[in-house]
Amino acid sequence: MNTSSAGRLVRLLHFLGLVLLGGLIGGAAALVAMGFVAGVLWLNDLLWISPDSRHHAASSTHLVIATLAIPTLGGLLVGQLHRLLPERRAQGPSDVIAAVQTRRGRLPVSASGLSALSALMALGTGASVGQYGPLVHLGSALGSLAARLLRLSRVEDNIGIACGVAAAIAATFHAPLAGIVFAHEVVLRHYALRAFAPTAAAAIVAHVLANSLQASGPLLRVGETAMPHAWEYAAFLLLGGLGALVAGAYMSAILAVERQASRLPVPVSLRPALAGAMLGVTALWVPQILGIGQETLRLATVAGAYALDELALLLVLKLAATALCLGLGFSGGVFSPALLIGTLYGAVYGHLVLMLAGAGHETFVFYAVCGMLAVTAPVIGAPLASLLIVFELTGNYALTTAALASVTLASPISAQLFGRSLFDTQLARRGLDLSAGRSRALLKQARVDVHLTRDCVILTPATSVAAAVRQICHANHAEAQLVDAEGRHRGSVTLASLEAAREDGHGEAPVADFISPARPTLAPDDSLWDAMAALEHFSGEALAMVDRKSDDAFLGVVYEDSIARAFMRSSDEVRDEENSHG
């Protein structure tokens, strides 16, 4: 066997090993996800959060006390757990995206475990948050742990994370295709074959395990449906356009409460308890806003289960309750509430359209499901995965086509008005802007001070032009940096300008008289992206780096060719990762 054949065999075996690892991660993530969901359901039944348990409560007095106390105590526990976490908040899908898109990988096990426990407490005690966000993070943490234990590369760590994400979605939604697409669409944001096969293996294994061991069944059950009229597809399109505004209101409400929370005279660790108390008081009136709300979601797709005013009330209160819980620090996801809010919105819209059209309610479920997708897809930034969830849950092609009509307008409009997703908006607020693509985000995360050097010509401002020319030529450079006696940077001079000055008879003049026009300088915390932007306004050999906190103390220079090489290397790494076949 020649060297080339041996190399191909090694790469093939390594690739097959990644596929096997994906299957193992999928199995582990599915078991953990199912255990998490079972724990939430058990707590909901034990603590009188679920509708069935509330109907069988010991007495109405006990139920009132529990409704007020349980979410409040849950918030208190969550707040204390968050004191042990970095930034005093639970980690979620946005942290997973950041780890992959910056090629940082390595999700910490301790923070992931505490975040999962916090989410379990929040969901178990009735907080109006989602379970899929914590499950996505939990699955990704397992994938990252497996890659780290096997000492795999950062690229393969990202693949392990994607496997965990796909498995969590596949197991909980009973939707393996949606799990695969969600991992690529939201987390990886590319479709390299090297990542696709392990991710597919993880989703398939998770789906098989969930079907074998989980008795709860899919989230949404839809039987035979009537075919919508041709005119209704125009209504579905309009539903999608308006749904983008509902999605925007949902995201904006969460972010607005987060901003206002910092102004409250309440310690960070007690804010979830405050949200729990307010939730409990409201739940005495409308208990459907407690918890995930799966039963409410299923009923909202059934014509006649709720009156129009009930649907509108639930829509407003669920949106407000979710914004309150997430904005004040409860850990949990945004996916499940978006599903319910979207379904309620679609049901309200469907009631009005069918009433105005004088039509029956045979196609009511279409409006509810279209509303679900019109709100959820923009919130999580995954229109394709959302459509696949509907198709895999219902097996109804007509329903999926109607949902496609809604998503066609919902996602683009929301992206223009509010951004690609809530996750991306959260990351942008933390300093990671993915709106211009992954390459820019990587450049903005890469520090430029790693290319700093003192290998340059340094002159005092009083050095004569003639002496400066000799020193620059001797060092084989094209320019020099001027630094005064206190170590402060005073500008740069070029060999060309100094030679011209010497020829004009200014050989004994100080070089300070011939400083180049104001050049940009770099700071130690500047990124490679900042350096590339500075090069647009600069022509020369190197950029000086100064400490702006210490009166522009000179630290060294970063050469233009170092910046260019780092940029090309980063671009090549991204291109190789996104176009790798194995």
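Here the structure is shown first, and the text comes after it.
Presented here is an overview of the structure given in this document. What you see as residue numbers is a count from 1 along each chain, following the sequence as written. Totals for whole chains, interfaces and linings use all residues, but because this is a predicted model, local features are given only for residues with pLDDT of at least 70 and pairs of side-chain atoms are given and counted only at 80 or more. The basis for the side-chain values is all heavy atoms of the structure; hydrogens and waters are excluded.

In terms of regular secondary structure, the chain is built from 23 helices and five strands. Each principal axis of the C-alpha distribution contributes one length, and for the chain these read about 100 × 70 × 50 Å. For the exposure calls, accessible area comes from a 1.4 Å probe over protein chains only, and a residue counts as buried if that area is under 20% of its type's maximum, exposed if over 50%, partly exposed in between. Among the 582 residues that make up the chain, the fraction classed as buried is 55%. Counting only contacts in the chain whose residues sit at least 6 apart along the sequence, the fraction spanning at least 24 positions is 75%. Accessibility throughout is a Shrake-Rupley quantity obtained with a 1.4 Å probe, and a residue counts as covered only by protein chains that appear here. Accessible area for the chain stands at about 24300 Å²; split by element, carbon and sulfur atoms hold 62% of it. Averaging the locations of the 38 positively and 42 negatively charged side chains of the chain gives two centres separated by 6 Å. Only runs of H or I of at least four residues qualify as helices and only runs of E of at least two qualify as strands under DSSP, and these elements are numbered from the N terminus. Whether two residues are in contact is decided by their heavy atoms, any of which lying within 4.5 Å being enough. Charge convention: Lys and Arg are scored as positive, Asp and Glu as negative, and His as well as the terminal groups of each chain are ignored. The location of each charge is read from NZ of Lys, CZ of Arg, CG of Asp or CD of Glu.

One face of the sheet, then the other: side chains in a regular strand alternate in exactly this way. Counting buried positions along strand β3 (residues 489-494) yields five of six residues, so the element is predominantly enclosed. Each pair of strands is called paired provided DSSP finds at least two bridges between the two strands. Here strand β2 (residues 479-483) runs beside β3; their pairing, made up of five bridges, is antiparallel. From the neighbouring strand, Leu 482 faces β3, where its bridge partner is Gly 491. Linking β2 back to β3 in an antiparallel pair, the connection comprises five residues, with Gly 487 at a positive phi of about 85 degrees.

Our next topic: the sheet that holds β2. Adjacent strands of a sheet pair through backbone hydrogen bonds, lying either parallel or antiparallel. Pairing is mixed in the open sheet, where three strands are placed in the order β1-β2-β3. Edge positions in the sheet fall to β1 (458-459) and β3, since each has one partner strand and no second. To obtain each axis, a line is fitted to C-alpha atoms, and for helices this fit is confined to the stretch in contact; angles are then taken between N-to-C directions over 0 to 180 degrees. Sheet strands touched by helix α21 (residues 495-503): β2 and β3. Its angle to β3, the strand with the most contacts, is close to 70 degrees.

Within the fold, His 174 resides in the loop between α7 (154-173) and α8 (176-188). Contacts described as polar in this section are N or O atom pairs within 3.5 Å, which, within protein, must combine one atom able to donate a hydrogen with one able to accept it, while residues neighboring in sequence count only if both atoms come from side chains. Engagement of the side chain of His 174 in a polar contact is seen with the side chain of Asn 211, the distance being 2.9 Å.

A few words on the packing of helix α16 (residues 383-394) against helix α17 (residues 397-418). The N-to-C vectors of α16 and α17 enclose an angle of 160 degrees; their axes lie 9 Å apart at closest approach. The orientation of α16 with respect to α17, classified from their angle, is roughly antiparallel. The crossing of α16 and α17 is right-handed. Of the residues in α17, those touching α16 at Pro 383, Leu 387, Val 390, Phe 391 and Thr 394 are Tyr 397, Leu 399, Thr 400, Ala 403, Leu 404, Val 407 and Ser 411. When residues are sorted by character, Ala, Val, Leu, Ile, Met, Phe, Trp, Tyr, Cys and Pro go into the nonpolar class, Asp, Glu, Lys and Arg into the charged class, and all the rest, Gly among them, into the polar class. A per-class count over the contact of α16 with α17 returns nine nonpolar, three polar and no charged. By definition in this entry, angles of less than 35 degrees are roughly parallel, angles greater than 145 are roughly antiparallel, angles of 65 to 115 are roughly perpendicular, and the rest are oblique. In this scheme the handedness of a crossing depends on how the near helix is turned from the far one: anticlockwise by less than a right angle means left-handed, clockwise means right-handed.

Only buried Ala, Val, Leu, Ile, Met, Phe, Trp, Tyr and Cys residues count toward a nonpolar core, and they belong to the same one when joined by side-chain atoms within 4.5 Å. Within the largest apolar cluster, 143 residues are counted, with the highest numbers of intra-cluster contacts made by Phe 173, Phe 182, Phe 335 and Val 379. For this core, the element with the highest residue contribution is helix α15 (residues 364-380), accounting for 13 residues. Ranked by size, the runner-up nonpolar core spans 14 residues in total, among them Val 457, Val 493, Ala 501 and Ala 509.

This paragraph deals with the pattern of salt bridges. Each salt bridge in this description consists of a side-chain nitrogen of Lys or Arg and a carboxyl oxygen of Asp or Glu lying within 4 Å of one another. Scanning the entire structure with this criterion turns up 13 salt bridges. Among the salt bridges present, the one from Asp 484 reaches Arg 490, with a minimum N-O distance of 3.0 Å. Under the relative-accessibility criterion, Arg 490 is labelled partly exposed at 40%. Arg 565 serves as the salt-bridge partner of Asp 561, at 3.3 Å between the closest nitrogen and oxygen. Of this pair, Asp 561 and Arg 565 both sit in helix α23 (residues 560-578), four residues apart, which is roughly one turn of the helix. Residue class for Asp 561 comes out partly exposed when judged on its relative accessible area of 42%. Shared partners join several salt bridges into a network, and the residues in it are Asp 484, Glu 486, Arg 488, Arg 490 and Asp 551.

To characterise two packed helices, one gives the angle between the axes of the helices and the distance between these axes. Two numbers describe how helix α10 (residues 230-261) lies on α15: the axes approach to 8 Å, and their chain directions differ by 40 degrees. Judged by the inter-axis angle, α10 sits oblique to α15. Between α10 and α15 lies a crossing whose hand is right-handed. Contacts between α10 and α15 involve Trp 231, Glu 232, Ala 235, Phe 236, Leu 239, Gly 240, Gly 243, Ala 244, Val 246, Ala 247, Tyr 250 and Met 251 from the former and Phe 366, Tyr 367, Cys 370, Gly 371, Ala 374, Val 375, Pro 378 and Val 379 from the latter. When grouped by side-chain class, the residues that make up the contact of α10 with α15 number 16 nonpolar, three polar and one charged.

Another point: the environment of Trp 529. Note on placement: Trp 529 falls in helix α22 (residues 528-535). Residues Trp 529 and Leu 417, 112 residues apart in the sequence, show an inter-C-alpha distance of 26 Å. Aside from chain neighbours lying at most four places away, what touches Trp 529 is Arg 440, Leu 443 and Lys 444.

Attention shifts here to α21. Considered for burial, the residues of α21 that qualify are Leu 495, Leu 498 and Ala 501. Buried residues along α21 cover an arc of 125 degrees about the axis, so they all sit on one side. Looking at α21, the residues exposed on the side facing more than 90 degrees away from the buried face are Ala 496 and Glu 503. Tucked into the core, α21 has its buried residues touching α20 (465-474), β2 and β3. Note: the arc covers the axis-to-C-beta directions of the helix.

On the surface, Leu 9, Leu 12, Leu 13 and Leu 16 cluster together into a nonpolar patch covering about 360 Å² of accessible area. The class of Leu 9 is partly exposed, set by a relative accessible area of 39%. The patches reported here contain residues having more than 30% relative accessible area and no salt bridge. Joining distances are 9 Å for like charges and 5 Å for nonpolar side chains (Val, Leu, Ile, Met, Phe, Trp, Tyr).

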